[in-house]
Structure formats: structure tokens, C-alpha cells
Amino acid sequence: MPDPTPRIEQQSASEGGRLLVLGQWTAAQFARPQLLRSLERSLVPARGWDLSRAERLDHVGAQWLWDRWGQRWPDDLEALPAQRAVLERVARFTGARAPRPRRSWRRAWLGLGEAVLRAVNHVRAFVQLIGELALNLLRLAGRPHAGPWRDFSGHLYRIGGTALPITALVGFLIGVVLAYLTSQQLRQFGADAYIVNILGIAVIRELGPMLAAILIAGRSGSAITAQIGVMRVTDELDAMSVMGISHGFRLVLPRALALAVAMPLISVWTTTWALGGGMIAADVSLGITPAFFMNALPEAVHVDNLTLASAKSVVFGLLIALVGCHFGLRVKPNTQSLGEGTTASVVTSITVVILVDALFAVLFKDVGI
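Here's a quick rundown of the structure. (Residues numbered from 1 in each chain as written. Predicted model: local features only at pLDDT ≥ 70, side-chain atom pairs only at ≥ 80, totals over all residues. Heavy atoms only, no water.)

Describing the overall build of the protein
Thought 1: Scanning the protein from N- to C-terminus turns up 13 helices and six strands.
Thought 2: Against the compact-globule benchmark of 21 Å for 369 residues, the protein has a radius of gyration of 35 Å, which places it well outside the compact range.
Thought 3: Relative to its 369 residues, the protein shows a buried fraction of 41%.
Thought 4: Pairs at least 24 apart in sequence give 80% of the contacts found in the protein among residues at least 6 apart. (Helix = DSSP H or I, 4+ residues; strand = E, 2+ residues; numbered from the N terminus. Rg over C-alpha atoms; globule rule 2.2 N^0.38 Å. Buried < 20%, exposed > 50% of the residue type's maximum accessible area, 1.4 Å probe, protein only. Contact = heavy atoms within 4.5 Å.)

Given below as C-alpha cells:
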């Protein structure tokens, strides 16, 4: 039984020097793995092509040959009438290949310019949102009885109260991990007692506020963007504009105030659980009792570190709320834009929190040290 595998062989010079097309050139045979690669390797310069010895030829095989011929008929071609008819049909319905667009330096610079303009547009809108929040705060100070206090209390509960379990769990585990890793190094130098200093400074000054801010950015920042984005999709924002209700006063202000109030409390809560986890791990790994830990902590960590951490947390809360509202208000009335805005909100919030934390670390490097 002849081999049905599509293959190409070259005739000897005495027989004409053509490329022989052998086997069954059908879609079923072309499904074999590595077949196309082996056929490409079989292509060599030749005087012509001989298809008359091929067992079968369908449109898949004919298309492959037509493409390898450069979509034109070879000068020397021997084929049966049925094979030539298939090739003519493929040639008639094969469209010309569109030339690949050349990526020039001008196109690259235009793409860079477009990205810069997009970033500038986001920054301009964000600064405008900050200014609008400042004006709304002045309006609230002048007429506190007209403030959106019901919305504020609801957001305070959803953002702060419901976040306590997850922040406590993450803080406790981070404290345990940090204490265990630190104890391995301190034990080598006999400096076991300094684990209180390391944990106190690291957790109270940096890790506590940072962990709380990242968790809230991923949890509540995305929720803020999704809530406002759904209002855009369902035309509720347009209805508020028609009724003369300010988006900044009724949507941005209560969320910003709630996060500004909740973030310092969540930061202290997360820090407390992280110190508790570190205290337990220090007792297990180094034998440092909780009583010694609690007595040494106020001496090792100055109260200014807690004040700085709380101040940072207020800024983190405001930024997370503003970023979430910014991307929520820019959502277009379709679900794809809603998903993209929520993703961009979380990524931007976490990035901004890290950048601002680095700025605080540089500006207040001598505070509490």
C-alpha cells in the first residue's frame, strides 16, 4: 500500500529535474504534526513541478502549493486535468496579500505622544477632581446640616467595618512571618531582644499602614469604581446631572471622607494584629515573653512613628477614594469599559500608595528615629 503522507522529491537531471508531488495532499493528511515543516525543508530550486503522480489533491494541498509558487503559475507544470481545475479554482479565489505595515520611527513617536497625552489628560482630570473636593469641603463646612451624612455612614461601615476580619488576618500572618525571619538572623548574633525594635519600627511605621492601604485599595477602591461605573452604564449619572445633583458632592465627597476617617483606624487595627502575631512568634522562636515585649515596645518605638503612620493613612485613604471615583466617572456606558476602569483603578491606587509612602519615607526620615 503506497504511503499517503504528502511529500516532495526531486527528479534526476536525466528525467527533467522537476519536483515530484507524491502522496495524498488533503486536509486530513495536513493535520499531521510537523508535516508543514518537513515540506518546507523539501523545497529546493528546480526546473518545474510534476503533480501527476499525486494520489489526491484537494483545496488545502492546492492552496499550499499556490502560496509556495508565489501565487503565480510555474513555468513548467505537469498536472492532471482534475488537479489543474482545483488549482485554477484556488488561484481565482485567493486574494492578494496585504503588505505588512512598516513600523517606522514616526509611528513609534506618535504612539508615545498619544500615551503621554492620555496620561496628561488623566492627571488634569484628577487635579480637577481634587479641586472640586476642596470646594465641596468648604461647602460642607458652611452648611454641615446639608451634607450627605447618611451616605458617609454607610460607606464608613462598608469600607471600614467589613474590612476588619481580612486586615486582621493578613496583619497577624505578616507579623508571624516577619518575626520568624528576623529571629533567624538575630539568634546568630545573640541580639534576640532587638526583635522588638525591628518589629515595632517596621510594623508601626511602614508595614501596618501599607498593608491596610493595599488591602483597602484592592477591596474598596475597586468597589468604588464599580459602583460609579454601573451608575454610568445604567444612566444614573446622567439622571443626577439632569436633576442638578452634583456628582462630586453626593458621590465623591462621602467616599473620600469615609476613607479618610476609616484608613487610620484600619491601619492601627492591622498594626495591632501584626504586632500580636510577631509577639507570639517571638515567644515561640526566641523565648521572649509577651510581658517583656509589651514593656519594651514603648521604649523601642517613639510615639511619633504612630502619629506619622496615622497621617500617612489619612492621605492614603483620600488618594484611594479619589482614584476610585476618578476612574468610575470616566467609565463609558458599556461593560468592557467598566472592567477596564476597575482594573486600572486597583493598579493605579496601589501604585500611588507605594509612591506616596516612599515620599513620606524620604521627607520624614528623621521623625521618630
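Quick look at the pattern of salt bridges
Thought 1: Under the criterion given, the structure shown has nine salt bridges.
Thought 2: For Glu78, the salt bridge goes to Arg18, with nearest N and O atoms at 2.3 Å. You can see Glu78 sitting in strand E6 (residues 77-78) and its partner Arg18 sitting in the loop between strand E1 (7-10) and strand E2 (19-22), a full 60 residues away along the chain.
Thought 3: Taking relative accessible area as the criterion, Glu78 reaches 35% and is therefore assigned partly exposed.
Thought 4: Among the residues examined, Arg18 registers a relative accessible area of 18% and is labelled buried.
Thought 5: A salt bridge links Asp238 to Arg232; its shortest N-O distance comes to 3.5 Å. (Salt bridge = Lys/Arg side-chain N within 4 Å of Asp/Glu carboxyl O.)

Concerning a nonpolar patch on the surface
Thought 1: A surface patch of nonpolar side chains, amounting to about 410 Å² of accessible area, comprises Trp109, Leu112, Val116 and Val120.
Thought 2: Positionally, Leu112 belongs in helix H5 (residues 105-142). (Patch = residues over 30% accessible without salt bridge, like charges linked within 9 Å, V, L, I, M, F, W, Y side chains within 5 Å. Areas by Shrake-Rupley, 256 points an atom, 1.4 Å probe, with all protein chains shown as cover.)

Considerations on the pairing of E2
Thought 1: The alternating pattern of E2 places Leu19 and Val21 on one face and Leu20 and Leu22 on the opposite face, and all of these are buried.
Thought 2: Taken together, the four bridges between E1 and E2 define a ladder with antiparallel strand orientation. Within E2, the position partnered with Glu9 by the bridge is Leu20.
Thought 3: Pairing of E2 with strand E4 (residues 49-50), which is carried by two bridges, proceeds in the parallel orientation. By the bridge assignment, Leu19 is partnered in E4 with Trp49. (Pairing = 2+ DSSP bridges.)

Concerning the packing of helix H7 (residues 164-189) against helix H8 (residues 195-233)
Thought 1: At a minimum axis distance of 10 Å, the contact between H7 and H8 shows a crossing angle of 145°. Crossing hand, H7 versus H8: right-handed. Contacts between H7 and H8 involve Ile166, Thr167, Val170, Ile174, Gly175, Leu178, Ala179, Thr182, Ser183 and Leu186 from the former and Ile195, Ile198, Leu199, Ala202, Val203, Leu207, Leu211, Leu215 and Arg219 from the latter.
Thought 2: Within the contact of H7 with H8, the residues separate by chemical class into 14 nonpolar, four polar and one charged. (Axes fitted to C-alpha atoms, helices over the stretch in contact; angles between N-to-C directions. Left-handed = near helix turned anticlockwise from the far one by under 90°. Nonpolar A, V, L, I, M, F, W, Y, C, P; charged D, E, K, R; others polar.)

Some thoughts on the nonpolar core
Thought 1: Core analysis: the largest hydrophobic core is formed by 39 residues, its most contacted members being Ile216, Leu259 and Ile320.
Thought 2: Contributing elements (two or more residues each) for this core: H5, helix H6 (149-159), H8, helix H9 (236-242), helix H10 (247-286), helix H12 (303-329) and helix H13 (335-363).
Thought 3: Take this core: its biggest share by element is 10 residues, from H10.
Thought 4: Grouped together as the second largest cluster of nonpolar side chains are 21 residues, Leu35, Leu39, Leu87 and Val90 included. (Core = buried A, V, L, I, M, F, W, Y, C linked by side-chain atoms within 4.5 Å.)

So, the packing of aromatic side chains
The geometry of two aromatic rings is summed up by the distance between their centres and the angle between their planes.
Thought 1: In this structure the tally under the stated criterion is eight aromatic pairs.
Thought 2: The interplanar angle of 65° and the centroid separation of 5.6 Å between the aromatic rings of Trp49 and Trp69 together place this pair among those described as edge-to-face. With a gap of 20 residues between them, Trp49 in strand E4 and Trp69 in the loop between helix H3 (59-68) and E6 connect regions that are remote in the sequence. Per residue, the accessibility class of Trp49 equals that of Trp69, and both read buried. (Phe/Tyr/Trp six-rings, centres within 6.5 Å; stacked < 30°, edge-to-face > 60°.)

Some remarks on the sheet that holds E6
Thought 1: Pairing in this open sheet of four strands is mixed, and the strands run E1-E2-E4-E6 from one edge to the other. The sheet terminates laterally at E1 and E6, the two strands that pair on one side only.
Thought 2: Taken together, the two bridges between E4 and E6 define a ladder with parallel strand orientation. Bridge pairing in E6 places Trp49 opposite Leu77.

Focus: the side chain of Ser183
Thought 1: As for its position among the elements, Ser183 is in helix H7.
Thought 2: Given a relative accessible area of 0%, Ser183 falls into the buried group.
Thought 3: Looking at Ser183, its side chain comes within polar contact range of the main-chain oxygen of Tyr180, at 2.7 Å. (Polar contact = N/O pair within 3.5 Å; in protein donor to acceptor, adjacent residues only side chain to side chain.)

Interpretation in functional terms is not warranted from these geometric data alone.
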